[in-house]
Amino acid sequence: MKARIGTAEGALHDAQREYELAMDEFSSRQRLEVETVRADSKKKLETIVAQHEDQLCELKRRFEREMDDEKASRLREINQLTSQTTLDTQRSQIELDRKDREIASLQNDVQALQQEIERERKSTQGLRQNLDTASSNSVTLESSIRALKARIEFLESGREEQSQAFERLNQQMMDALAETNATKDKLRKEETLRRKLHNQVQELKGNIRVFCRVRPSLETEPQTGIAQIQYPDASEECKEINVLGLEEKSSLGAVTKKNNNFAFDRVFGPSTQNAEVFDEISQLVQSALDGYNVCIFCYGQTGSGKTYTMSSLDGMIPRAVHQIYETATSLKEKGWRYTMEGNFVEVYNENLNDLLGKAEELDKKKHEIRHDMQRGKTIITDVTTVRLDSPEMVESILKRAAANRSVAATKANERSSRSHSVFILKLIGENDITGERSEGTLNLVDLAGSERLSHSGATGERLRETQNINRSLSCLGDVIAALGQGKDGGHIPYRNSKLTYLLQFSLGGNSKTLMFVMVSPLQAHLAETLTSLKFATKVHNTHIGTAKRQARVREC
């Protein structure tokens, strides 16, 4: 029995295990089916979602296309309406302009008709007045005709007396012509005498003269920095200037200021205008026209007014040329014809530059100075010569030269002229009646600023410029001093600088020379001012002999 129970339990146990195995197999199969169904469902769902998305995209694209088409259609309609509106506006504007023109034309026609009516009215009034005048004149004409008939009868009877009267008038006319010719000859002789007397007067004044000019203070310069300068004879001859010097301490400790008195041919105060200054030198300009060599130069420190005096629009150069033209024009009736030629050069660092040439050739193109000792003429090689056919050309020449002129900043002045400029005006005159010929030269020189190295604050290239400037100015003083000694055959050091060599025939005894010493009114420039005035005094005390006229009678 136990064995049977044991067998039964074993069979039950086996059956249970088989059941569990069967259940596990069933569960596994069921899970696989569920997973398969779930995967199939997911794929179907994804397929359906994708189809729906495609349908939605298609609907969206179709809707956008329809919107774009509708938008384009609306834009076309708007553009058509805009174009039509613009065309309508333009047509309206054109029509309005046409109407305005028609109205203006009609108004002009109305105005012209009114003027025509007014003219017709005035003409009618004039005709009526003329008719009245003609009616009154007819009576006068009848009486005039009767008087003329009587006159004709009288003239026919006095023909012989008229012939005699005509002969008398003809003789009087011939006498008047002879007297006129005699008067013209007398005028020509008086013109020759005037030139001789005029230049004798200039020689009596001295062939080298010195004028002093004090520039006015500028608005930017404080009044507290103005030096004490007085003009003792300002109400009389205006030849003296008094400058109160710098403070000096004596050996006993007393502080004093020295009065420095100077006298020149003429002193111009700060209020003097260029016109008044030129009145004083105009006689020298006349001497150049008469055939003399004339040199007028400005000397002084930087910023003392040299360039303003010489080259401003109303300075000495434009005024001199204007006077020469006016005088030359007035001399035409006395037989004189003048040719005028101008050069404008500068001496910069002992090199010659052509201020009327090309700017890029400055300091590169070489110019030489050559003297014709027999004729007393100076020639500069390769220099631009301008024929001055009118006074107005001078302004353009000055602007052209100013653009080329070497200008640099120094401590002494913001725009300090760093070169000597020389305006050379050659005047050749011929008299067609007397056969006389004159050749004069007018040199107008604007010297570079004279300043001490300690005051200028120059360094490098500016230092070399200042040294060359001071050296050439010193050579100018040496030449004038040598001329003042008056030794026949004595050596004159013209060749020591380009400036003096260029002006050789305008500084010697055959010329008339005028020096402007320019003075700054500033206390800070007092030392330079006194140096300039002392140099000018040395020049003023120099006598260089009698000038000779460059003239001859033309051989027939």
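Everything in this summary refers to the structure shown in the same document. Since the model is a prediction, treat every value here as computed from it, not as a measurement.

For the protein chain, the count of helices and strands is 11 helices and 17 strands. The 556 residues of the protein chain split such that 36% are buried. Restricting the contact set of the protein chain to residue pairs at least 6 apart, pairs at least 24 apart contribute 72%. For the protein chain, the exposed surface amounts to about 34600 Å²; the carbon and sulfur share of it is 53%.

At E350, a position not held by glycine, the phi torsion is positive, near 60°. Following the sequence through the fold, E350 ends up in the loop between β7 (336-348) and β8 (351-354). Here the phi dihedral of D382 falls at roughly 55°; this positive angle occurs in a residue that is not glycine. Of note, D382 is situated in the loop between β10 (377-380) and β11 (386-387).

Okay, the packing of aromatic side chains next. The final tally for this structure, using the stated rule, is six aromatic pairs. Aromatic pair F262 and F264: ring centres 6.4 Å apart, planes at 5°, arrangement stacked. Note on accessibility: F262 and F264 belong to one class, buried. Judged by centre distance (5.4 Å) and plane angle (75°), the rings of F344 and F423 are edge-to-face. With F344 in strand β7 and F423 in strand β14 (residues 420-431), this residue pair connects regions lying 79 residues apart in the sequence. Overall, F344 belongs to the buried group, its relative accessible area being 3%.

Across soluble globular proteins, you tend to see nonpolar side chains buried next to one another. In this structure, I241, F264, F297, L507 and M515 are the most contacted members of the largest nonpolar core, which totals 48 residues. Among the elements that line this core, the one with the most residues is helix α8 (residues 460-485), at seven residues. In this structure, F264 is in contact with V210, C212, K239, I241, L533, A536, T537 and H540, ignoring residues within four places of it in sequence. Formed by 42 residues, the second largest nonpolar core is a distinct cluster that contains Y325, A328, L427 and F516.

Turning our eyes to something else, we now look at helix α5 (residues 316-330). Residues separated by three or four positions in an α-helix point in the same direction, a consequence of the helix having 3.6 residues per turn. Here α5 contains 15 residues, and its C-alpha end-to-end distance of 21 Å stays within 8% of the 21 Å for a straight helix at 1.5 Å per residue. The complete set of buried residues in α5 reads M316, I317, P318, A320, V321, Q323, I324, Y325, T327 and A328. In this structure, the buried side of α5 is in contact with α3 (274-289), α4 (306-311), β7, α6 (393-404), β14 and β15 (436-446).

Okay, the pairing of β8 next. Summarising the sheet, β7 and β8 pair through four bridges and their orientation is antiparallel. Along β8, the bridge assignment pairs Y348 with N351. Hairpin connection, β7 to β8: the antiparallel pair is bridged by two residues, and N349 has positive phi, about 55°.

Extensive coverage of strand β6 (residues 293-300) is indicated by the burial of eight of its eight residues. The two faces of β6 match: N293, C295, F297 and Y299 on one face and V294, I296, C298 and G300 on the other face are all buried. For β6 and β15, the ladder comprises six bridges, and the chain directions are parallel. Across the sheet, the residue bridging to V294 is L442, located in β15. Sheet analysis places β6 next to strand β16 (residues 511-519), joined by eight bridges and oriented parallel. The residue of β16 that forms the bridge with F297 is M515.

Attention now goes to the pattern of salt bridges. Tallied over the entire structure, the rule returns 23 salt bridges. A salt bridge links R319 to D314, with the nearest nitrogen and oxygen atoms 4.0 Å apart. For R319, a relative accessible area of 27% translates into the label partly exposed. Given a relative accessible area of 28%, D314 falls into the partly exposed group. The salt bridge involving K377 is made with E439; its shortest N-O contact spans 3.4 Å. With K377 in strand β10 and E439 in strand β15, this residue pair connects regions lying 62 residues apart in the sequence. The residues K377 and E439 share a single accessibility class, namely buried. Through salt bridges with shared partners, one network takes in E95, R98, K99 and E102.

Reading the values: rules and limits
Residues numbered from 1 in each chain as written. Predicted model: local features only at pLDDT ≥ 70, side-chain atom pairs only at ≥ 80, totals over all residues. Heavy atoms only, no water. Helix = DSSP H or I, 4+ residues; strand = E, 2+ residues; numbered from the N terminus. Buried < 20%, exposed > 50% of the residue type's maximum accessible area, 1.4 Å probe, protein only. Contact = heavy atoms within 4.5 Å. Areas by Shrake-Rupley, 256 points an atom, 1.4 Å probe, with all protein chains shown as cover. Phe/Tyr/Trp six-rings, centres within 6.5 Å; stacked < 30°, edge-to-face > 60°. Core = buried A, V, L, I, M, F, W, Y, C linked by side-chain atoms within 4.5 Å. Expected span 1.5 Å × (residues − 1). Pairing = 2+ DSSP bridges. Salt bridge = Lys/Arg side-chain N within 4 Å of Asp/Glu carboxyl O.

These results come straight from atomic positions and should not be treated as a statement about function.
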